[in-house]
Every structure is written in structure tokens, then in C-alpha cells.
Amino acid sequence: GAVVSQHPSRVICKSGTSVKIECRSLDFQATTMFWYRQFPKQSLMLMATSNEGSKATYEQGVEKDKFLINHASLTLSTLTVTSAHPEDSSFYICSASRQTNTEAFFGQGTRLTVV
Amino acid sequence: GESVGLHLPTLSVQEGDNSIINCAYSNSASDYFIWYKQESGKGPQFIIDIRSNMDKRQGQRVTVLLNKTVKHLSLQIAATQPGDSAVYFCAEIEAGNQFYFGTGTSLTVIP
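Residues numbered from 1 in each chain as written. Chains lettered and ligands numbered in written order. Predicted model: local features only at pLDDT ≥ 70, side-chain atom pairs only at ≥ 80, totals over all residues. Heavy atoms only, no water.

Right, let's talk about the overall build of chain A for a bit. Assigned secondary structure in chain A consists of zero helices and 11 strands. In chain A, the succession of α and β elements from N to C terminus is β-β-β-β-β-β-β-β-β-β-β. A compact globule built from 115 residues should have a C-alpha radius of gyration of about 13 Å, and chain A, at 13 Å, falls within 12% of that. Considered along the principal axes of its C-alpha atoms, chain A spans approximately 35 × 25 × 25 Å. In chain A, buried positions account for 55% of the 115 residues. Within chain A, one finds 11 positive and 9 negative side-chain charges whose respective centroids are separated by 6 Å. (Helix = DSSP H or I, 4+ residues; strand = E, 2+ residues; numbered from the N terminus. Rg over C-alpha atoms; globule rule 2.2 N^0.38 Å. Buried < 20%, exposed > 50% of the residue type's maximum accessible area, 1.4 Å probe, protein only. Lys, Arg positive; Asp, Glu negative; His and termini not counted. Charge placed at Lys NZ, Arg CZ, Asp CG, Glu CD.)

Residue and element names in this part refer to chain A. Taken as a whole and judged by the stated rule, the model has two disulfides over all chains. Two residues, Cys23 and Cys94, share a disulfide whose sulfurs are 2.0 Å apart. Of note, the bridge from Cys23 to Cys94 carries an S-S torsion of about 80 degrees and is right-handed in sense. Taken as a pair, Cys23 in strand 3 (residues 19-25) and Cys94 in strand 9 (residues 90-97) lie far apart in primary sequence, 71 residues in all. (Disulfide = S-S within 2.5 Å.)

This brings us to the sheet that holds strand 5 (residues 56-58) of chain B. Residues and elements named next belong to chain B. Pairing within the open sheet is antiparallel, and its four strands lie in the order 2-7-6-5. Lying at the two open borders of the sheet, with one neighbouring strand each, are strand 2 (19-24) and strand 5. This sheet shows a mean twist of 15 degrees between the axes of neighbouring strands, independent of strand direction. For strand 5 and strand 6 (residues 62-67), the ladder comprises three bridges, and the chain directions are antiparallel. Bridge pairing in strand 6 links Gln58 to Thr63. (Pairing = 2+ DSSP bridges. Axes fitted to C-alpha atoms, helices over the stretch in contact; angles between N-to-C directions.)

Residues and elements named next belong to chain A. Across the six residues of strand 8 (residues 76-81), six count as buried, placing the element largely inside the fold. Burial of the side chains of strand 8 extends over both faces: Leu76, Thr78 and Thr80 are buried on one face and Ser77, Leu79 and Val81 on the other. In terms of strand pairing, strand 3 meets strand 8 through six bridges, oriented antiparallel. Residue pairing for strand 8: Arg24 is matched across the bridge by Leu76.

To continue, consider the environment of Leu46 of chain A. Along the chain, Leu46 of chain A falls in strand 5 (residues 44-51). We classify Leu46 of chain A as buried; its relative accessible area is 5%.

Encoded structure:
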């Protein structure tokens, strides 16, 4: 299968700072990338869908200004958690797919802890 | 459709037995479905997929069944092994390539 690399795998930051998480498709071009948030022992919750070169589509209830998504190229999408607070602590996972209606490949996830 | 954030149901099976994990999806317009396996602290891994024009698909030790009438998906794992212990999610893919995940099931294999 294709490889999606997510970085960093763990990050601890102070409340009020911003954190950037990168998602890279290493051996394929990703038309679409997805960002999920996962709380302990819960399912993945889709935050937003991003297509290269266009604005991300956010799910209802997800703050666009807080979770900034940039999909600048076909192999890189970034999620920036701005002015992070302890309640933003979570496991964030990205996925990427080559084209519409095909398998999505997942990154390893990023454990964000805001102190 | 929306992904849901509920606490995971659990399933415990004896090593060597067959496991059946169920998933209800929400959107009758979804035409592609995937089962993922997620181990603790890792991202989900693809197991098997099925398109809406099929009702059954088999892989290595796994079978996915799709019942579009009642919007139900199941994953059957034959001869369950300790390495199968993980959380299993189904995903429904809607037009426009939106992936939504079901609640997931935590599978524990008892040696």
C-alpha cells in the first residue's frame, strides 16, 4: 500500500501557542487529504477535507480559524492548531487518497498535549 | 453522514474462534465501504473494502458482508489470532469522497 507520513508523532505545547502537524503522501499524489480527531476509546471524527489548491471543507462544529488547514501541494497537507488550549489535546490523524472513491491511507497520527 | 463519537463497544473471543464485527452506516447514497484496523496509538490500517454493487467480498481470513437494505456492514475474521486484537472501524464513503467512520468495536482475543 501507499505510505502516508505524519509528523510529529507526539507534541507537547504550552497553552496559547500554535502547533503545526504535517501530513505527507510519500509515494503517490494525493488529490484529497482528510484530517480527523480521535478521543480516547472513541471513533475518528472527520474535521475537514482538503483538496490541493483549494480551501478545505470543514465539518459542522469545527472552527476554521482554530484549525487551519493548508494543502499546498499534491503530497503535503498541514493542520495548524492555533492558540491551543488543554481541551485541544487529542490524537489527530490524517489520511490521503489518490482519487475520488478510492482507499484512503492513514498517517501514524499525532498525539497533541496542551499544558 | 457524520462520524460519531461514542464509546467503543467491545467484543472478546477465544483464540481460534471466528469473530463477527458489525457496523451500521447512515447514508444510503454511500457506495464504497472500508474496514480498518487500528492498534493502540497508531493510525488505522486498511483491511478490506467493498463497493455497493457487491454484497460479499473475501480476503485472507476476512470476509465483508454488505446489506444495503438495512444499511449494515459486517466483518468476519476466521480463526481469530491474538494479533487481531485491535479496534475495528467501518468507513462509508459518500460522493465527493467524504469518509465517515462508524463507532468502532474493540476486539480482544483471549489466548
